[in-house]
Amino acid sequence: MPTDPYAWIEPSLATIHKADWYRSEQTLDSRPGAVVQLEGREVINFASNDYLGLAGDERLIQAAVAATQAFGTGSTGSRLLSGHRELHRELEKAIAFLKQTEDAIVFSSGYLANLGTIAALVGKRDLILADQYNHSSLKNGAILSGAAVVNYAHCDTEDLKRQLAQHRKKYRRCLIVTDSVFSMDGDLCPLPEIVVLAEKFSCMVLVDEAHATGILGATGAGCVEHFSCTGKPLIQVGTLSKALGSLGGNVAGSATLIDFLRNRAPSWIYTTALSPADTAAALAAIQIIQQEPERRVQLTRNVDTLKQLMTQKLSHLKLLPSESPILCVQLASPTDALTAGNKLKAAGVFAPAIRPPTVPTSRIRISVMATHKLAHFQQLVDALGAIY
Ligand SMILES: *Cc1c(COP(=O)(O)O)cnc(C)c1O
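Given the structure is predicted, the values throughout are model-derived calculations rather than measurements.

Caption draft 1: Just the pattern of salt bridges, in detail. Scanning the entire structure with this criterion turns up 14 salt bridges. A salt bridge links Glu 92 to Arg 89; its shortest N-O distance comes to 2.9 Å. Here Glu 92 and its partner Arg 89 are both found in helix α4 (residues 86-99), three residues apart, which amounts to about one turn of the helix. According to the relative accessible area criterion, Arg 89 is partly exposed, its value standing at 21%. Of the charged contacts, one joins Arg 89 and Asp 103 as a salt bridge, the two residues approaching to 3.1 Å between their closest N and O atoms.

Right, dumping it as structure tokens:
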């Protein structure tokens, strides 16, 4: 008798349960914002990437509705066939202007932008040097490319330099790949030092600005602007789905790079173009980011306020180093993190437990928004204080 080829799935799932690694969705049934309805209950939302509160902004909603009325719901094809609209080009020009690059290209998600870009730029004869804490899309892009991958210790430029000295000359091209704001930690990559090493060892640099676009830098261009690296020869990946409140990804860089990606990035060529609604909403968000810097200022103020409250009242908890709106409280085990997440939810605070394999150590991850009020931070700190 042949055995059931799917029989392995159930015991594998049981193992996930046993380790407290099991995950499932939670239903949010309201517009996004600082306060949301989660499974029928009102909670303060510290789980959102909507840092500037734009995903529920009336102007983005109206832009999406107007684009849907004009161009329909689906884009009906890939960009090179029937999917291209003038709106896509307008959005790409707006991104290039924000990032001060020659050109930009929009993908259907940030994940696809990383997969397609890395696979287009390097191959079997090439080397990728990657920060060990890089986002899943960067890691899988590296695998897809077929290049040799060497990880360097998190944000450790001495280690990066050692690895370059040891491996660089054996390969044709070299691509250094890093998150700019690390998505599950909140700290920043040492971009200026990376740029210097890249010049010295003749490497391309891909920096993933998913959690920095709209947030860091004087004009909201991201970590590249924050570190005064604007104009450097970088490959800047971003997402339209976090501070920009829409859906989609993007790459900004030289005109040659972008033209090459249009011809070689499989996750752009062979997938349906961004919908008119998502495109128009992202375009509206970029305009707001440029016209309303006060949102960024308020976000920075909010982060400072929460950090201060936590240092005053929760000094016994370990806060991971952060220079972004992502603050993490480190906990001993996945079970501890789960318990804390559930107790917080019971206290009306939505701040998720992040566990292995997403991160090496368990934690509660807190995302600050520009639209949070002092009372929200007080309730969070009180709820954490009641647990620990
Ligand atoms: C969220 C995220 C992505 C993926 O972006 P999506 O648009 O959500 O697919 C890529 N890189 C990093 C660092 C992220 O945090």
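Caption draft 2: Up close: the domain arrangement of the protein chain. Domain annotation of the protein chain identifies domain 1 (25-56 + 293-387) and domain 2 (58-291). When each unit is reduced to the centre of its C-alpha atoms, the spacing between domain 1 and domain 2 is 26 Å. Facing the 27 residues of domain 1 at the interface are 29 residues of domain 2. With both chains or domains summed, domain 1 and domain 2 bury close to 2100 Å², and 57% of this area falls on carbon and sulfur atoms. Of all residues in domain 1, Leu 54, Arg 296 and Glu 323 bury the most surface against domain 2, accounting for 30% of the area lost on that side. If you look at where domain 1 meets domain 2, you find two salt bridges. For Glu 58, the salt bridge is made with Arg 31, and the minimal N-O distance between the two is 3.2 Å. The interface formed by domain 1 and domain 2 holds 12 residue pairs in polar contact (both at pLDDT 80 or more) in total. At the level of elements, α13 (294-313), β11 (326-330) and β14 (363-367) are the ones that each hand at least two residues to the side of domain 1 that touches domain 2. No other element matches the four residues that α13 contributes to the side of domain 1 that touches domain 2.

Caption draft 3: Focus on the site of the ligand. Around the ligand, the structure places 15 residues, and the nearest of them are Gly 110, Asp 208, His 211, Thr 239 and Lys 242. Here a nitrogen atom of the ligand and a side-chain polar atom of His 135 are 3.4 Å apart. When the ligand is considered free in solution it has 380 Å² of accessible area, and contact with the protein chains removes 86% of it. Among the elements that take part in the shell around the ligand, helix α5 (residues 110-121) stands out by supplying three residues, more than any other. When its residues are assigned to classes, the shell around the ligand shows two nonpolar, 10 polar and three charged.

Caption draft 4: Focus on the nonpolar core. Leu 91, Leu 306, Ile 364 and Ile 366 are the most contacted members of the largest nonpolar core, which has 66 residues in total. Of all the elements, helix α12 (residues 276-291) adds the most residues to this core, at nine residues. Split by domain, this core shows at least three residues from each of two domains, domain 1 (25-56 + 293-387) and domain 2 (58-291). Residue contacts for Ile 364: discarding those within four places in its chain leaves Leu 327, Cys 328, Val 329, Leu 331, Ala 337, Ala 340, Gly 341, Leu 344, Ala 351, Pro 352 and Ala 353. Ranked by size, the runner-up nonpolar core spans 24 residues in total, among them Ala 130, Val 237, Leu 261 and Ile 269.

Caption draft 5: Main features of the packing of α5 against helix α6 (residues 136-145). Following both chains from N to C, one finds α5 and α6 inclined at 30 degrees, their axes separated by 8 Å at the closest point. With respect to each other, α5 and α6 are oriented roughly parallel. With respect to the hand of their crossing, α5 and α6 are arranged in right-handed fashion. Two secondary-structure elements touch here, α5 through Tyr 111, Asn 114, Leu 115, Ile 118 and Ala 119 and α6 through Ser 136, Ser 137, Leu 138, Asn 140, Gly 141, Ala 142, Leu 144 and Ser 145. Classifying every residue of the contact of α5 with α6 by side-chain character gives seven nonpolar, six polar and no charged.

Parameters at a glance
Note on numbering: residues in each chain are counted from 1, in written sequence order. Residues qualify for local features only when their pLDDT is at least 70, as the model is predicted, and side-chain atom pairs are given and counted only at 80 or more; totals for whole chains, interfaces and linings, by contrast, use all residues. Only heavy atoms go into the side-chain values, all of them from the structure, while hydrogens and water stay out. Only one rule defines a salt bridge in this text: a Lys or Arg side-chain nitrogen within 4 Å of an Asp or Glu carboxyl oxygen. To qualify as a helix, a DSSP run of H or I must reach at least 4 residues; to qualify as a strand, a run of E must reach at least 2; elements of each kind are numbered from the N terminus. For every residue, the accessible area obtained with a 1.4 Å probe (protein chains only) is divided by the maximum for its type, and the residue is called buried under 20%, exposed over 50%, and partly exposed between those limits. The source of the domain bounds is an automatic or database domain assignment. Should any heavy atoms of two residues lie within 4.5 Å, those residues are considered in contact. A quick way to say it: buried area is the sum, across both parts, of accessible area lost when two parts are put together, with a 1.4 Å probe. Under the rule applied, a polar contact is a pair of N or O atoms within 3.5 Å (in protein, one hydrogen donor and one hydrogen acceptor; residues adjacent in sequence only if both atoms are side-chain atoms). Throughout, near means a residue has at least one heavy atom within 4 Å of the molecule or strand. Only the protein chains shown count as cover for residues, and the accessible areas themselves come from Shrake-Rupley with a 1.4 Å probe. Amino acids outside the nonpolar list (Ala, Val, Leu, Ile, Met, Phe, Trp, Tyr, Cys, Pro) and the charged list (Asp, Glu, Lys, Arg) are all regarded as polar, and Gly is one of them. Here, nonpolar core refers to any group of buried Ala, Val, Leu, Ile, Met, Phe, Trp, Tyr and Cys residues whose side-chain atoms link them within 4.5 Å. Interaxial angle, 0 to 180 degrees, is taken between N-to-C directions of lines fitted to C-alpha atoms, where a helix line uses only the stretch in contact. An angle below 35 degrees is read as roughly parallel, one above 145 as roughly antiparallel, one from 65 to 115 as roughly perpendicular, and any other as oblique. When the near helix sits turned anticlockwise from the far one by under a right angle, the crossing is termed left-handed; a clockwise turn instead gives a right-handed crossing.

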